[in-house]
Amino acid sequence: MDELNVTPGLLTVWRAVPRGVEQGTRQGVEGAAGWVADGRAASYVQEAHIAGALAGGRGTERDPAWLATAFELPGEARTEGGGGVLEAALLAWIDRHESLRSRLVPEETSRGGLRRDTLPVGGVSLRRTVEGNFACGKSLASRIEEVFDAETDPLAWPSFVFATVEHADGHTLYLGFDHSNVDGYSILLIAHEIHELYAAVASGTRAALTEVGSYLDFADIEREYAALVHTEHAAVVRWREFLGSGGGGLPEFPARGRGERGGLGDPGERSGSGGSGREQIGGCELLLDADAAHAFQRACRPHGGNFLTGVLTCLALAAREEEQGERELGWESGEFRALTPFHTRGDARWAHSVGWYVGLAPLRFPVRRGDSFADILTAASTALDGAGEMAAIPFPRVSELLGRRLEPRFVVSYMDMRRTPGARRWGEWKAAALRSRRVHPDEVYLWVNRSYDGVHLSFRHPATEPARHAVSRLVAGTGRLMRRLAAEGVPGTAVHVKNVLPRDLVPARQQEPAPC
């Protein structure tokens, strides 16, 4: 939120309640007559997320874990009549996505540790609270963040909240959700759907939106499938081998920082050591403009690669050269190792459904001195073979079958956002994706996102000087190598990138930005 340019204005908070509930108190919501017992199980990621929330305490004792979006609405939305249209559009959107009308209550059942209840279509109302005028954008942003922190509690329903800001130029809508409700792609879908529903309500027509399936159905199907997976399943065996090849644990960001393996945090802060966490910081960098992105993809294709494998190759090359130069980024095993997310929206009915459709897959490929770009590109492509099938098995289920508590530390994500409905109008709508603060002593996440404007790399890491230095250099080196390949193509000899790595980097920004 600190990085978002928030226009000052009149703030109104919109909270969902079961229809017929006069007061939106926790007791009133939980005891509402509209709740219907629902035998569909929670997804594995939902159950793991809520278990983590239970372990972290309630309310302000627990770190926030929300995703959010912000975008402009038509100017007429600020009128009283327009406000009614907006309310009807928001309710239609809640009706469209059943998961937003469903709650998970900690209770042992035959299918897990959560009981599900669901409200029917039309079973939700919205309560509006006018919070007042804000003359300062930063103060308003801080207040919206406070609302998101307080009202996206995964242990309560609703675990989402909406806010509108009326200002001279129109109306801005902010929607925040606990992660149990949404994934990153769900966040990208929202602006288009709300605009379509708003226009349909205003004109008395039917919204031009495709039918969607329910995440509740997906979660139930996934649970049945995952229950059949056993310890000798091919994917579980590959996970076991991956862990064994890395010393028994998941990959960490390869920074040696002052001579300590994975030394991104201060002593005593390492996860599992009993130390306290550390707030993370991040940044967002433009790697390629739209034309350069096309050129980069063309450069990868003759060697059997695609955009993702090209990005992975540049990351691995930049890290290898840094390690050779300063011994601070070290794949001493000669391998690139990370986890990478894959969507699990394999069926068309889930394509535009709101939910947490993400799995994780292990990634490792050789990065040896003297290997050419084409060599490493081929190795990265081979490493990705079958990764999507591995990601289809929920990561918490894999952890359960291996008898290990596995916590991702180093994750590299890629998303091509150009086919997302409404993507060409995001600039017009001033659409933005946001994420909550994160506290963790050694996580490093890299998100490579391709849009019609180009390719951005958003990242977060612990707020320490070793982490800031190492991640900044890796991001900058990767970007420069990608730009060089886009401009010159893939050379026929081994790629050496020391001469394109910057030596006068500006430190990463101190505050957590909105992801690009």
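What you see is a predicted model, and the numbers here were worked out from it, not measured in a lab.

Asks: So what's going on with the overall build of the chain? Residues and values would help.
Replies: Scanning the chain from terminus to terminus reveals 14 helices and 15 strands. Across the 516 residues of the chain, 57% fall into the buried class. Accessible surface, the chain as shown: approximately 21,500 Å² in total, 49% of it carbon and sulfur.

Asks: A description of the environment of valine 121 should follow, citing residues and the corresponding values.
Replies: Structurally, the position occupied by valine 121 is in the loop between strand S5 (112–118) and strand S6 (124–134). Taking the relative accessible area as the measure of exposure, valine 121 reaches 61% and is therefore exposed. As a C-alpha pair, valine 121 and leucine 91 span 30 residues in sequence and 9.5 Å in three-dimensional space. With near-sequence residues (within four places) excluded, valine 121 lies in contact with Asp95 and Arg101.

Asks: Give a description of the sheet that holds strand S7 (residues 160–167) that names residues and reports values.
Replies: The sheet built from six strands is open, its strands ordered S6-S1-S7-S8-S3-S13 with antiparallel pairing. Of all strands in the sheet, those with a lone pairing partner are S6 and strand S13 (432–435), marking the two edges. Taken pair by pair, the neighbouring strands of this sheet meet at an average axis angle of 20°, ignoring direction. In terms of strand pairing, strand S1 (residues 9–18) meets S7 through five bridges, oriented antiparallel. The residue bridging valine 13 from the neighbouring strand is alanine 163, located in S7.

Asks: Could you give an account of the packing of helix H7 (residues 234–245) against helix H12 (residues 395–402), naming the residues involved and the relevant values?
Replies: At a minimum axis separation of 10 Å, H7 and H12 run at an interaxial angle of 75°. On the basis of their axis angle, the class for H7 and H12 is roughly perpendicular. The segment H7 lies against H12, with Val236, Trp239, Arg240 and Leu243 engaging Phe395, Val398, Leu401 and Leu402. Its residues assigned to classes, the contact of H7 with H12 shows seven nonpolar, no polar and one charged.

Asks: How would you explain the pattern of salt bridges if you had to name every residue and give the values?
Replies: Tallied over the entire structure, the rule returns 32 salt bridges. Of the charged contacts, one joins arginine 115 and aspartate 117 as a salt bridge, the two residues approaching to 2.8 Å between their closest N and O atoms. Relative accessible area serves as the criterion here: at 6%, aspartate 117 is assigned to the buried category. A salt bridge links arginine 484 to glutamate 488; the nearest nitrogen and oxygen atoms lie 3.7 Å apart. Taken as a pair, arginine 484 and glutamate 488 lie in helix H14 (residues 465–488) at a separation of four residues, close to a single helical turn. Classification of arginine 484 as partly exposed rests on a relative accessible area of 23%. Here the salt bridges share partners, and the residues they tie into one network are Asp38, Arg40, Glu98 and Asp217.

Asks: Which residues make up the sheet that holds strand S2 (residues 36–38), and what values go with them?
Replies: Strand order across the open sheet formed by three strands is S2-S5-S4, with antiparallel pairing between neighbours. Lying at the two open borders of the sheet, with one neighbouring strand each, are S2 and strand S4 (102–109). Strand-to-strand twist across the sheet, computed as the mean angle between neighbouring axes with direction ignored, equals 40°. In terms of strand pairing, S2 meets S5 through three bridges, oriented antiparallel. In the sheet register, aspartate 38 faces S5, and the bridge partner there is arginine 116. Its contacts with the sheet put helix H2 (residues 44–55) on S4 and S5, and the angle it makes with S5 is roughly 105°.

So, how was this worked out
- Residues numbered from 1 in each chain as written.
- Predicted model: local features only at pLDDT ≥ 70, side-chain atom pairs only at ≥ 80, totals over all residues.
- Heavy atoms only, no water.
- Helix = DSSP H or I, 4+ residues; strand = E, 2+ residues; numbered from the N terminus.
- Buried < 20%, exposed > 50% of the residue type's maximum accessible area, 1.4 Å probe, protein only.
- Areas by Shrake-Rupley, 256 points an atom, 1.4 Å probe, with all protein chains shown as cover.
- Contact = heavy atoms within 4.5 Å.
- Pairing = 2+ DSSP bridges.
- Axes fitted to C-alpha atoms, helices over the stretch in contact; angles between N-to-C directions.
- Parallel < 35°, antiparallel > 145°, perpendicular 65-115°, else oblique.
- Nonpolar A, V, L, I, M, F, W, Y, C, P; charged D, E, K, R; others polar.
- Salt bridge = Lys/Arg side-chain N within 4 Å of Asp/Glu carboxyl O.

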